[in-house]
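# Understanding the architecture of this molecule
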Amino acid sequence: MACLEGKFKEEQDACTLDGTVDLHGRPAIRAKSGRWVAGTIILLNQGLATLAFFGVGVNLVLFLTRVIGENNADAANSVSKWTGTVYIFSLVGAFLSDSYWGRYKTCAIFQGIFVIGLISLSLSSYLFLLKPGGCGDGKTPCGAHSSMEMGLFYLSIYLVALGNGGYQPTIVSFGADQFDEENPKEGLSKVSFFSYFYLALNLGSLFSNTILGYFEDEGMWALGFWVSAGSAFAALVLFLVGTPRYRHCKPSGNPLSRFCQVLVAAIKKWRFELPPNANLYSVDGKESSTNGNRRILHTHGFKFLDRAALISSRDFDDKNQGIHNPWTLCPVTQVEEVKCILRLLPIWLCTIIYSVVFTQMASLFVEQGAVMKTTVSGFRIPPASMSSFDILSVAVFIFLYRRILDPLVGRIKKSDAKGFTELQRMGVGLVIAVIAMVSAGIVECYRLKYARKDCPHCDGSSSLSIFWQIPQYAFIGASEVFMYVGQLEFFNAQTPDGLKSFGSALCMTSMSLGNYVSSLLVSIVMKISTEDHMPGWIPGNLNKGQLDRFFFLLAGLTTIDLVVYIGCAKWYKCIKLEGKFEERDEADDDFKV
């Protein structure tokens, strides 16, 4: 069955309208593909893969200190760099997905690499690193490691980084592909999918942060890593089982060459005068889009790029002869692709500081919790497991937002539109992130106040309960619902059809740069604060440090970032796609803060 012009209406209604195809390259039949059957498989896959990833990531800082032998500052930096690398690899996965492989093939290949990395990590830890047996529990030190053992360890964790990084931006775009936004009902389901996707991500990490976190904190690292490997393998099998049901978007070719063509063509015509109603090159039919993707309508920003689509006499002659040089003349849709990315960059840059705040959960929050009172009735609470309160907060606030807050704001606005726009939600996320850092700083002030006075040089020891960390984890979780879910929706909606994985990768790359900025910030703070033989803000013994000042510094930086973000959001203009967005010109204002 094919959705071609001239066919009966019922046949057209049976096919998707967004250009997606089935496994064999034929137009996807709505009733037999995609929707919540495929979406649910992808959500389960995401939950299992996240369990596997956080089974390594959530306690990596403790593994580095207890097993590898790094100090607190070095371990925090190592985790930030590794996590950052995970998200840098997301650009690799997005490029291959959008350009050549397609999303399905990219997901399958990188999940395979992910499984190999986890198996290698499990073997290297069991055979080489955890010697003598039972070490790594915080009491029994592990022995020295050879260069070969350390090389195998780092190879393993960076294979995990490559596999998970390449898979993550592609799977969220692939999941969104299962819903046709040109269909009103499926369009609403697509918006819901992003919230459920982030919820699945957090529920998958809940098991890692609690059960696996407990076993790893007790020194059973090999068991935790093997469970992660098994979960990743199950995720891969489940993903492959859903193959007949998936909808696919065809890869659209190398976007870098398309971007370069626009820039070169615009530069070549920089002397040309661009009249108000210029005759810009626009094509119809198959030539109008890349592999069936929808055309992007012309906008008035970045007018210097419009010269790339300006038809000169020579271009017109060549065009009539069927000759078209893409380096001198580009279609409007191709020019608008470049404009879309340029408009996204300021918003994207403003999300990096938030990721600096977010990454503290996996590093300094854990180190802060490790020097608080962690026992309740003789039971020791692993510091990393406190992030389960972040996960619970995410689940609660997703429900509150979708069921209560969003409808309430929509009624207050007295319009048929949704409540908060994506940009507004991201702004709210920044506000809550400031509150989270202030909360963490206040807790650290009180932790130092109740530190053991009889042993100022001891490595643990504050009588303040670790449960005082709950507010800062809960605030981070609430901010994620507004910031990261908003980001996923925003970058997916505001990128062209052929660059959806790139849009998801932008979200993940902001996390990556946030981790690197966090590492740089810790290094700068330690260099400045350790002058004159001072212990510094984040020393090995936090009882001698001033970690609260670092948290307050992050609160200040996030406040400045919020001010800049509001200005960028007010300037932003949304993409206009042929079809859905062509009839929604008034929606431009919905993206304002």
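None of these values were measured; they are calculated from a predicted model.

## Here's the deal with helix α4 (residues 72-101)
Here α4 contains 30 residues, and its C-alpha end-to-end distance of 41 Å stays within 8% of the 44 Å for a straight helix at 1.5 Å per residue. Immediately beyond the C-terminal end of α4, within one or two residues, lies Gly 102, with a positive phi of roughly 85 degrees.

## Here we look at the packing of aromatic side chains
To describe a pair of aromatic rings, you give the distance between the ring centres and the angle between the ring planes. Taken as a whole and judged by the stated rule, the model has 30 aromatic pairs. Seen from their ring centres, Trp 36 and Tyr 196 are 5.9 Å apart, and the 65 degrees between their planes marks the pair as edge-to-face. Of this pair, Trp 36 sits in helix α2 (residues 35-57) while Tyr 196 sits in helix α7 (residues 184-217); the two residues are 160 residues apart in sequence, bridging distant segments of the chain. The partly exposed category is assigned to Trp 36, whose relative accessible area is 31%. Ring centres of Phe 174 and Phe 239 lie 6.0 Å apart, and the angle between their planes is 55 degrees; on these two criteria the pair is classed as tilted. In this pair, Phe 174 is assigned in helix α6 (residues 147-177) and Phe 239 in helix α8 (residues 221-241), connecting sequence segments 65 residues apart. For the residue pair Phe 174 and Phe 239, the accessibility class agrees, reading buried in each case.

## A look at the confidence of the model for the protein chain
Taken residue by residue, the protein chain gives an average pLDDT of 82. The fraction at 70 or more is 89%. Across the protein chain, element-level confidence peaks in helix α18 (residues 547-571) with a mean pLDDT of 93 and bottoms out in helix α1 (residues 9-13) with 46. In this model residues 285-289 is a low-confidence stretch, pLDDT under 50, and it forms six contacts with partners more than four residues away in sequence or in other chains. Taken as a whole, residues 581-591 scores under 50 in pLDDT and shows 18 contacts with residues more than four places along the chain or in a different chain.

## Things to note about the packing of helix α14 (residues 388-413) against helix α16 (residues 470-493)
In the contact formed by α14 and α16, the axes pass within 7 Å of each other and the chain directions differ by 45 degrees. What the angle tells us is that α14 and α16 run oblique. Remark: the crossing between α14 and α16 carries right-handed chirality. From α14, Phe 389, Asp 390, Ser 393, Val 394, Phe 397, Ile 398, Tyr 401 and Leu 405 reach across to α16, where they touch Ile 470, Tyr 473, Ala 474, Ile 476, Gly 477, Ala 478, Glu 480, Val 481 and Phe 482. Looking at the contact of α14 with α16 residue by residue, the classes come out as 13 nonpolar, two polar and two charged.

The rules we used
- Residues numbered from 1 in each chain as written.
- Predicted model: local features only at pLDDT ≥ 70, side-chain atom pairs only at ≥ 80, totals over all residues.
- Heavy atoms only, no water.
- Helix = DSSP H or I, 4+ residues; strand = E, 2+ residues; numbered from the N terminus.
- Expected span 1.5 Å × (residues − 1).
- Phe/Tyr/Trp six-rings, centres within 6.5 Å; stacked < 30°, edge-to-face > 60°.
- Buried < 20%, exposed > 50% of the residue type's maximum accessible area, 1.4 Å probe, protein only.
- pLDDT = per-residue confidence, 0-100.
- Contact = heavy atoms within 4.5 Å.
- Axes fitted to C-alpha atoms, helices over the stretch in contact; angles between N-to-C directions.
- Parallel < 35°, antiparallel > 145°, perpendicular 65-115°, else oblique.
- Left-handed = near helix turned anticlockwise from the far one by under 90°.
- Nonpolar A, V, L, I, M, F, W, Y, C, P; charged D, E, K, R; others polar.

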